[in-house]
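Summary of the model geometry
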Amino acid sequence: MLELFVAFAKMSLAGFGGVLVWARRAIVDQHRWMTPDEFNEAFALCHFLPGPNIVNLSVVFGARFRGIPGSIAAFLGLIGPPVVIVTVLAAIYARYGEIPALQRTLAGVSCAAIGLFLAVIARMMMPLVKRRDPVALTLLAAVFIAIGILRLPLVPVLLSAIPFSIALTFATRRKAAA
């Protein structure tokens, strides 16, 4: 339990602007608690649960290893330290937020966060790309084009892509098992 709390506390403290990069690194690369595919599947599930994806991941991951107490430990490790830090920073920003140097610094930090996010997307895609599954890659490209380029509404695209993806996965796994 303590190991879950500490691991997620470290993730939250390292992940200024986003914890996903650090969560994947800790869970998959450092501790080897999950394979890249297991992480991607758990994270995909967390997209469909209400609330922030990384918070959902902490709860799902904690439950997987230690049940409800594990969920609580991972959740508190993830949100506890940042809540304290953000509260202190909010008080400081309320007092000194109009300083131009501080505003420029925050703009730079947001650029770094975007870079980290793009890096983790690339790493999460690697298992899919390495498998060279044409159906999965086509579905990935279709959803990206629909949402990212054509700017179609997220909900209708996902409501059509999800059942299609599940059916394809079920059919592929069933075929492989036979």
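Residues numbered from 1 in each chain as written. Predicted model: local features only at pLDDT ≥ 70, side-chain atom pairs only at ≥ 80, totals over all residues. Heavy atoms only, no water.

So, the nonpolar core
Residues Phe-8, Met-11, Leu-20, Ile-27, Phe-39, Ile-54 and Leu-57 are the most contacted members of the largest nonpolar core, which totals 25 residues. For this core, the secondary structure elements donating two or more residues are α1 (2–14), α2 (20–30), α3 (36–47), α4 (53–96) and α5 (100–131). With seven residues, α4 is the single largest residue contributor to this core. Contacts of Leu-57, omitting those with residues within four sequence positions, involve Ala-23, Ile-27, Phe-39, Ala-42, Phe-43 and Cys-46. (Core = buried A, V, L, I, M, F, W, Y, C linked by side-chain atoms within 4.5 Å. Buried < 20%, exposed > 50% of the residue type's maximum accessible area, 1.4 Å probe, protein only. Helix = DSSP H or I, 4+ residues; strand = E, 2+ residues; numbered from the N terminus. Contact = heavy atoms within 4.5 Å.)

Description of the confidence of the model for the protein chain
Confidence in the prediction for the protein chain averages 87 pLDDT; 99% of positions are at 70 or higher. Averaged pLDDT values over the elements of the protein chain bottom out at 84 in α5 and peak at 90 in α4. (pLDDT = per-residue confidence, 0-100.)

So, the side chain of Ser-58
By the secondary structure assignment, Ser-58 is in helix α4. Setting aside residues no more than four positions away along its own chain, Ser-58 makes contact with Phe-8, Ser-71, Ala-74, Phe-75 and Leu-78.

A short note on α5
Within an α-helix, residues lying three or four positions from one another point in the same direction, as the helix has 3.6 residues per turn. Relative to the 46 Å expected for 32 residues at 1.5 Å per residue, α5 spans 49 Å between its end C-alpha atoms, a close match to the ideal helical length. At Met-125, α5 shows its strongest bend, of approximately 35 degrees, with the proline Pro-127 following within four residues. When α5 is considered as a whole, its buried residues turn out to be Ala-113, Val-120, Met-124, Pro-127 and Leu-128. Each element contacted by the buried residues of α5 is listed here: α2, α3 and α6 (134–149). Once α5 finishes, Arg-132 follows within two positions and takes phi at roughly 55 degrees, a positive value. (Expected span 1.5 Å × (residues − 1). Bend = angle between axes of the 7 residues up to and from the residue.)

Some details on the layout of surface pockets
Estimated volume of the largest pocket: approximately 2000 Å³. In this structure, the largest pocket is lined by 37 residues; those nearest its centre are Asn-40, Ala-44, Leu-128, Leu-140 and Ser-165. Those elements giving two or more residues to the lining of the largest pocket turn out to be α3, α4, α5, α6 and α7 (154–177). A total of 10 residues in the lining of the largest pocket trace back to one element, the largest contributor, which is α7. Classifying every residue of the lining of the largest pocket gives 25 nonpolar, seven polar and five charged. (1 Å grid on protein atoms, 1.4 Å probe; cavity = no way out; pocket = protein on both sides within 12 Å on 5 of 7 lines; lining within 4 Å. Points joined across faces, edges and corners; volume = space filled by probe spheres on them. Nonpolar A, V, L, I, M, F, W, Y, C, P; charged D, E, K, R; others polar.)

Describing the packing of aromatic side chains
By the definition in use, this model includes four aromatic pairs. For the ring pair Trp-33 and Phe-61, a centre distance of 5.4 Å and an interplane angle of 35 degrees mean the geometry is tilted. Taken as a pair, Trp-33 in the loop between α2 and α3 and Phe-61 in helix α4 lie far apart in primary sequence, 28 residues in all. Geometrically, the ring pair formed by Phe-39 and Phe-43 is stacked, given 6.2 Å between the ring centres and 5 degrees between the ring planes. With Phe-39 and Phe-43 both in helix α3 and four residues apart, the pair spans about one turn of that helix. Put simply, the rings of Phe-8, Trp-33, Phe-61 and Phe-65 touch in pairs and so form one group of aromatic residues. (Phe/Tyr/Trp six-rings, centres within 6.5 Å; stacked < 30°, edge-to-face > 60°.)

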